[in-house]
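Here is what each chain is made of, one letter per residue.
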Amino acid sequence: MIAQRVGTTALRRVAASPSNVFFTANLAKLGMTASSIQSTQTRLVATQKLTPTDAHDILAAQRLHRPVSPHLEIYDKQQTFFGGSIWQRITGSAFSGGLYVFGAAYLVAPLIGWHLESASLAAAFGGLPLAVKGGLKFLLAWPFTFHALNGVRHLTFDIGIGFKRKDIVKTGWYVWGASIVTGLYLAMFV
Amino acid sequence: MMASIARSALLRQAASASKLSLATSSAARQSIIANSVRASAFHTTSRRNLLPPLPQRVEGTVNDPAPVPEPSPSHGSYHWTFDRLVAASLIPMTITPFAAGSLNPTLDALLCATLLIHSHTGFQAIIVDYIPKYRTPRARKVFTWGLNAATVVVGLALYEFETSDVGLTEAIKRIWHA
């Protein structure tokens, strides 16, 4: 079927009677084939002897170049970035990281000459302007309220309550709202 | 006659020649070019990796399945239950300072200890999730022992803070009301 398009039939006709070369059907296809004779591709193949372990190593090395499927770029951003469990992890590790850093700094403070006792911390904090104090307090209060409220939500998930998809989304937004409101209250009025 | 190795090249060129000659108008030719650009963009993979893959290693032949870890209830099911119990016990312990104003030293020490255990298991979960043992065994070991050492240091620091200073809840109260 494709042999006729390629021009083998045209070549056969011309070879049978050379006066046929100027027929339109043969001319067009011969022109096509003639120009491509110079540009036919040839592949030079060389073989190489490999032991089975070498072949295995080549295959294993090729596997390391496999591309990674997109994951976080394409998944539903409401579920992955706002769903709550990554923020639980972020707020929790921010608090615990801060506690760990403060603990280490408190132990080495006398050796360096810093003053990290509660009295000096309170005095330093008291000297800051009001807006800065409120901002810092909210920065500490919101992660605490979010982690606590979302923690309660996750513990109810662990018992099995509220695990339907729409309940998860609804309670997730409730926790976001409640944590911001409670954080503001703790920062400004407590 | 045509050699068989040359025929595939001719097939390709004949197909492309016939396709382009069909579209005589420049608009149709432009639409073919635009469609082929769109199609080729779909065919290539982009290298925008949000999280690049960890180093991979092949143990045994490439056709062996990845090894399934040994099940261990003390690292699995019991650990999970213990983690949830600690988290649940933290809820009344964090509400009490708000309700009662301040805590006596015993309760404060209990809160600090439970908080330390909760932080330790939380960081352990992060390490287990993001540093797999099969792909990065040395990094996993370094981080695990680093976390253990850090928890011991912070435990010591909290003890010092409780005994020679006012304690965690009282300190937070004083700073908050400063």
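Model, not experiment: these values are computed from the prediction.

Colleague: For this particular structure, what's the right way to read the overall build of chain A?
Modeller: Scanning chain A for helices and strands turns up nine helices and zero strands. Going residue by residue from the N terminus, the α and β elements of chain A occur as α-α-α-α-α-α-α-α-α. Classification of the 190 residues of chain A by burial places 25% in the buried group. Sequence-distant contacts in chain A: of pairs separated by 6 or more residues, those separated by 24 or more amount to 59%. Here chain A displays about 12,700 Å² of accessible surface, and carbon together with sulfur accounts for 70% of that area.

Colleague: Mind showing me how you'd approach the pattern of salt bridges here?
Modeller: When the charged atoms of two side chains with opposite charge come close together, those side chains can pair. Considering all chains together, one arrives at four salt bridges over all chains under this definition. Across the pair R89 of chain A and D129 of chain B runs a salt bridge whose closest N-O atoms are separated by 2.5 Å. Here R89 of chain A, found in helix 6 (residues 85–112), pairs with D129 of chain B, found in helix 4 (residues 105–130), and the two come from separate chains. Between R84 of chain B and D158 of chain A there is a salt bridge; the shortest N-O distance is 3.5 Å. On the criterion of chain membership, the pair formed by R84 of chain B in helix 3 (residues 77–100) and D158 of chain A in helix 8 (residues 130–159) is interchain, its members lying in two chains.

Colleague: Sorry, what's going on with the packing of aromatic side chains here?
Modeller: The description of an aromatic ring pair rests on the distance of the ring centres and on the angle between the ring planes. Within the structure shown, the criterion is met by 15 aromatic pairs over all chains. Between Y106 of chain A and F161 of chain B, the ring centres sit 5.0 Å apart and the planes meet at 75°, which makes this aromatic pair edge-to-face. Here Y106 of chain A is found in helix 6, whereas its partner F161 of chain B is found in helix 5 (residues 137–164) on a different chain. Each member of the pair, Y106 of chain A as well as F161 of chain B, carries the same accessibility label: buried. Ring geometry for F157 of chain A and F163 of chain A: centres 5.5 Å apart, planes at 70°, overall edge-to-face.

Colleague: Sorry if this is basic, but what is going on with the interface of chain A and chain B here?
Modeller: The accessible area lost on association of the parts is a frequent measure of interface size. Taken together, the contact between chain A and chain B spans 52 residues of the former and 58 residues of the latter. Of all residues in chain A, R89, Y100 and S118 of chain A give up the largest surface area on contact with chain B, accounting jointly for 15% of the area buried on that side. On inspection of chain A and its partner chain B, the count reaches two salt bridges. Applying the counting criterion to the chain A and chain B interface returns ten residue pairs in polar contact (both at pLDDT 80 or more). Breaking the side of chain A that touches chain B down by element, the ones donating at least two residues are helix 1 (2–6), helix 2 (8–16), helix 3 (24–37), helix 4 (52–63), helix 6, helix 7 (118–126), helix 8 and helix 9 (165–189) of chain A. Looking at side-chain class alone, the side of chain A that touches chain B contains 28 nonpolar, 16 polar and eight charged residues.

Colleague: What exactly am I supposed to notice about the UniProt feature "binding site: a ubiquinone" (unreviewed entry) in chain B here?
Modeller: The positions that UniProt labels "binding site: a ubiquinone" (unreviewed entry) are, in the present scheme, Y130 of chain B. Relative to the helices and strands, Y130 of chain B is located in helix 4. Given the relative accessible area of 47%, Y130 of chain B is considered partly exposed. Excluding residues that lie within four positions of it along the chain, Y130 of chain B makes contacts with I86 and R89 of chain A together with L54 of chain B. Side chain to side chain, Y130 of chain B and R89 of chain A meet in a polar contact 3.1 Å long.

Colleague: What am I meant to see in the nonpolar core here?
Modeller: Note on soluble globular proteins: their nonpolar side chains tend to be buried together. One finds L99 and Y100 of chain A together with C112, L116, F123, I127, I131, L147, V154, L158 and L168 of chain B forming the largest nonpolar core, which totals eleven residues. Sorting the residues of this core by element identifies helix 6 of chain A together with helix 4 and helix 5 of chain B as the ones contributing at least two each. Here this core gets four residues from one element, more than from any other, and that element is helix 4 of chain B. Excluding its chain neighbours within four sequence positions, the residues that come into contact with L99 of chain A are L115, S119, V154 and L158 of chain B.

Colleague: Got a minute to help me understand the UniProt feature "binding site: heme b" (unreviewed entry) in chain B in this structure?
Modeller: Residues and elements named next belong to chain B. Mapped onto this numbering, the UniProt entry annotates "binding site: heme b" (unreviewed entry) at H118. Along the chain, the position of H118 falls in helix 4. On the basis of relative accessible area, H118 is assigned to the partly exposed category, the value being 22%.

Colleague: It is not clear to me how a nonpolar patch on the surface should be interpreted in this structure. Could you clarify?
Modeller: On the surface, I180, L184, Y185, M188, F189 and V190 of chain A cluster together into a nonpolar patch covering about 590 Å² of accessible area. Structurally, L184 of chain A is set in helix 9.

Colleague: I keep staring at the side chain of T91 of chain A and nothing clicks. Help me out?
Modeller: All names here are of chain A. The topology assignment puts T91 in helix 6. The exposure class of T91 is buried, given its relative accessible area of 2%. For T91, the contacting residues outside a window of four places in its chain are W142, P143, F146 and H147.

Colleague: Please clarify how the UniProt feature "transmembrane region" (unreviewed entry) in chain A should be interpreted in this entry.
Modeller: Mapped onto this structure's residue numbering, the UniProt feature "transmembrane region" (unreviewed entry) falls at residues 94–114, 134–152 and 173–189 of chain A. Spanning residues 134–152 of chain A, this segment combines 100% helix with 0% strand, and its end C-alpha atoms are found 26 Å apart.

Colleague: Before we go on, may I ask you to explain the packing of helix 6 of chain A against helix 5 of chain B in this structure?
Modeller: For any two helices packed against each other, one specifies the crossing angle of their axes together with the interaxial distance. Where helix 6 of chain A contacts helix 5 of chain B, the two axes come as close as 8 Å, and the packing angle between them is 65°. Both helix 6 of chain A and helix 5 of chain B take part in a crossing whose hand is left-handed. For the pair helix 6 of chain A and helix 5 of chain B, the contacting residues are L99, Y100, F102, G103, A104, Y106 and L107 of chain A in the first and L147, A150, T151, V153, V154, L156, A157, L158, E160, F161 and S164 of chain B in the second. Of the residues in the contact of helix 6 of chain A with helix 5 of chain B, the class split is 14 nonpolar, three polar and one charged.

Reading guide: rules and limits
Residues numbered from 1 in each chain as written. Chains lettered and ligands numbered in written order. Predicted model: local features only at pLDDT ≥ 70, side-chain atom pairs only at ≥ 80, totals over all residues. Heavy atoms only, no water. Helix = DSSP H or I, 4+ residues; strand = E, 2+ residues; numbered from the N terminus. Buried < 20%, exposed > 50% of the residue type's maximum accessible area, 1.4 Å probe, protein only. Contact = heavy atoms within 4.5 Å. Areas by Shrake-Rupley, 256 points an atom, 1.4 Å probe, with all protein chains shown as cover. Salt bridge = Lys/Arg side-chain N within 4 Å of Asp/Glu carboxyl O. Phe/Tyr/Trp six-rings, centres within 6.5 Å; stacked < 30°, edge-to-face > 60°. Buried area = accessible area lost by both parts, 1.4 Å probe. Polar contact = N/O pair within 3.5 Å; in protein donor to acceptor, adjacent residues only side chain to side chain. Nonpolar A, V, L, I, M, F, W, Y, C, P; charged D, E, K, R; others polar. UniProt positions renumbered as here; feature names shortened; annotations may be inferred. Core = buried A, V, L, I, M, F, W, Y, C linked by side-chain atoms within 4.5 Å. Patch = residues over 30% accessible without salt bridge, like charges linked within 9 Å, V, L, I, M, F, W, Y side chains within 5 Å. Axes fitted to C-alpha atoms, helices over the stretch in contact; angles between N-to-C directions. Left-handed = near helix turned anticlockwise from the far one by under 90°.

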